[in-house]
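Take a look at the letters that make up each chain.
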Amino acid sequence: MEATLLLVDDEPRVLDVMATFLQGEGFRIVTAQTGREALEVFQKHQPDLVVLDWMLPEMSGLDVCRELRRMGSVGIIMVTARTEEADKIVGLEVGADDYITKPFSLRELAARIRSVLRRTQGGGDEPSVLRRGDLTIDETKFRVWKGDQEIVLTPTEFKILVTLASKPGTVYSRLQLLQSALGESYLNYERTVDTHVSHLRKKIEDDPAEPRYIQTVYGVGYRFGERL
């Protein structure tokens, strides 16, 4: 079944070029040119992934990203001309799963889209449920509960959590987590993992300042707590 992509950009020519190429790659495409239109189209079509330009009229891409995150765990790729690492961190902090800077090749965009979709949609036929402490992680359904409360994670946060929780006590470097979470789209800065982990801790830890699930191994990376 073909995935539906929502492409959001205020330049019609850019939208046309992206849409034509990605349709040729087998995706179903819907588009929007403003932030508010993007939210309306999202609610109407429920796309599998959103390619979202940072600079938009009416609402910025960052504000749209925040609203999309409130609606669920759809994959989001931010597109921008900003190249500073600080800007990438801001995009990730509001909930984006990946970040691509202009100018970019359409083939690179398609590769990043497929990478995020794999994390969102999964691929196994057999149900796989991890239970760690009061966390229940359903890899097949892409859902996480803490006790009876469901926790909404971004696709990247979910993949990092599954990677760590699958092997409690195993230490992963930032690069290993980045490769595991982003596949061939791991060209971001390694330090972006810290941002994802920080968000993840705020969602799953009782006290993010004293984490018992995702523990820092200073000078190396992260591990999932063993005694849970």
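Residues numbered from 1 in each chain as written. Predicted model: local features only at pLDDT ≥ 70, side-chain atom pairs only at ≥ 80, totals over all residues. Heavy atoms only, no water.

- Naming follows an unreviewed UniProt entry, where the chain appears as DNA-binding response regulator in two-component regulatory system with BaeS of Kyrpidia spormannii.
- Note on the chain: under the UniProt heading Subcellular location (unreviewed entry), the record states "Cytoplasm". (UniProt positions renumbered as here; feature names shortened; annotations may be inferred.)

Here's the deal with the overall build of the chain
Then comes step 1: For the chain, the helix and strand inventory stands at eight helices and twelve strands.
Then comes step 2: Out of the 228 residues belonging to the chain, those deemed buried represent 50%.
Then comes step 3: Summarising the internal contacts of the chain: among those between residues at least 6 apart in sequence, 57% fall at separations of at least 24.
Then comes step 4: Summed over its atoms, the accessible surface of the chain is roughly 11,100 Å², and 45% of this surface lies on carbon and sulfur atoms. (Helix = DSSP H or I, 4+ residues; strand = E, 2+ residues; numbered from the N terminus. Buried < 20%, exposed > 50% of the residue type's maximum accessible area, 1.4 Å probe, protein only. Contact = heavy atoms within 4.5 Å. Areas by Shrake-Rupley, 256 points an atom, 1.4 Å probe, with all protein chains shown as cover.)

Remarks on the layout of surface pockets
Then comes step 1: Empty space within the second largest pocket amounts to approximately 270 Å³.
Then comes step 2: Lining the second largest pocket are 18 residues, with Gly72, Ser73, Val74, Phe142 and Val152 positioned closest to its centre.
Then comes step 3: Those elements giving two or more residues to the lining of the second largest pocket turn out to be helix H3 (61-71), strand S8 (143-146) and strand S9 (149-151). (1 Å grid on protein atoms, 1.4 Å probe; cavity = no way out; pocket = protein on both sides within 12 Å on 5 of 7 lines; lining within 4 Å. Points joined across faces, edges and corners; volume = space filled by probe spheres on them.)

So, the packing of aromatic side chains
Then comes step 1: All told, the structure shown has three aromatic pairs when counted by the stated rule.
Then comes step 2: Between the aromatic rings of Trp54 and Tyr99, the centroid separation amounts to 6.3 Å while the plane-to-plane angle is 75°, which identifies the pairing as edge-to-face. With Trp54 in the loop between strand S3 (49-53) and H3 and Tyr99 in strand S5 (residues 98-101), the pair connects residues that are 45 residues apart, well separated along the chain. You'll find Trp54 and Tyr99 in the same group, each marked buried.
Then comes step 3: Here Phe142 and Phe158 contribute two aromatic rings whose centre-to-centre distance is 4.3 Å and whose plane-to-plane angle is 50°, an arrangement assigned as tilted. Taken together, the residues span a long stretch of sequence, with Phe142 in the loop between strand S7 (135-138) and S8 and Phe158 in helix H6 (residues 155-166) at a distance of 16 residues.
Then comes step 4: Residue class for Phe158 comes out buried when judged on its relative accessible area of 5%. (Phe/Tyr/Trp six-rings, centres within 6.5 Å; stacked < 30°, edge-to-face > 60°.)

What about the sheet that holds strand S12 (residues 221-224)?
Then comes step 1: Judged by pairing direction, the sheet is antiparallel, and its three strands sit side by side in the order S10-S12-S11 without closing on themselves. At either end of the open sheet lies a strand with only one pairing partner, and these are strand S10 (172-173) and strand S11 (214-217).
Then comes step 2: Across two bridges, S10 lies against S12 in antiparallel orientation. The residue bridging Ser173 from the neighbouring strand is Gly221, located in S12.
Then comes step 3: Here H6 sits on the sheet in contact with S10, S11 and S12, set at roughly 65° to S12.
Then comes step 4: In this fold helix H8 (residues 192-204) packs onto S11 and S12, with an angle of close to 145° to the strand it touches most, S11. (Pairing = 2+ DSSP bridges. Axes fitted to C-alpha atoms, helices over the stretch in contact; angles between N-to-C directions.)

Remarks on the environment of Ala38
Then comes step 1: Within the secondary structure, Ala38 is located in helix H2 (residues 35-45).
Then comes step 2: The spacing of Ala38 and Leu7 is 31 residues in sequence and 8.4 Å in space, taken between C-alpha atoms.
Then comes step 3: Discounting residues that sit within four places of it in the chain, Ala38 has contacts with Leu6, Val8, Ala32 and Val64.

Considering the side chain of Lys146
Then comes step 1: Relative to the assigned elements, Lys146 resides in strand S8.
Then comes step 2: According to the relative accessible area criterion, Lys146 is buried, its value standing at 17%.
Then comes step 3: At a separation of 2.6 Å, a polar atom in the side chain of Lys146 contacts the side chain of Asp206.
Then comes step 4: Leave out the neighbours within four places in its chain, and Lys146 touches Asp134, Leu135, Ile151, Ile204, Glu205 and Asp206. (Polar contact = N/O pair within 3.5 Å; in protein donor to acceptor, adjacent residues only side chain to side chain.)

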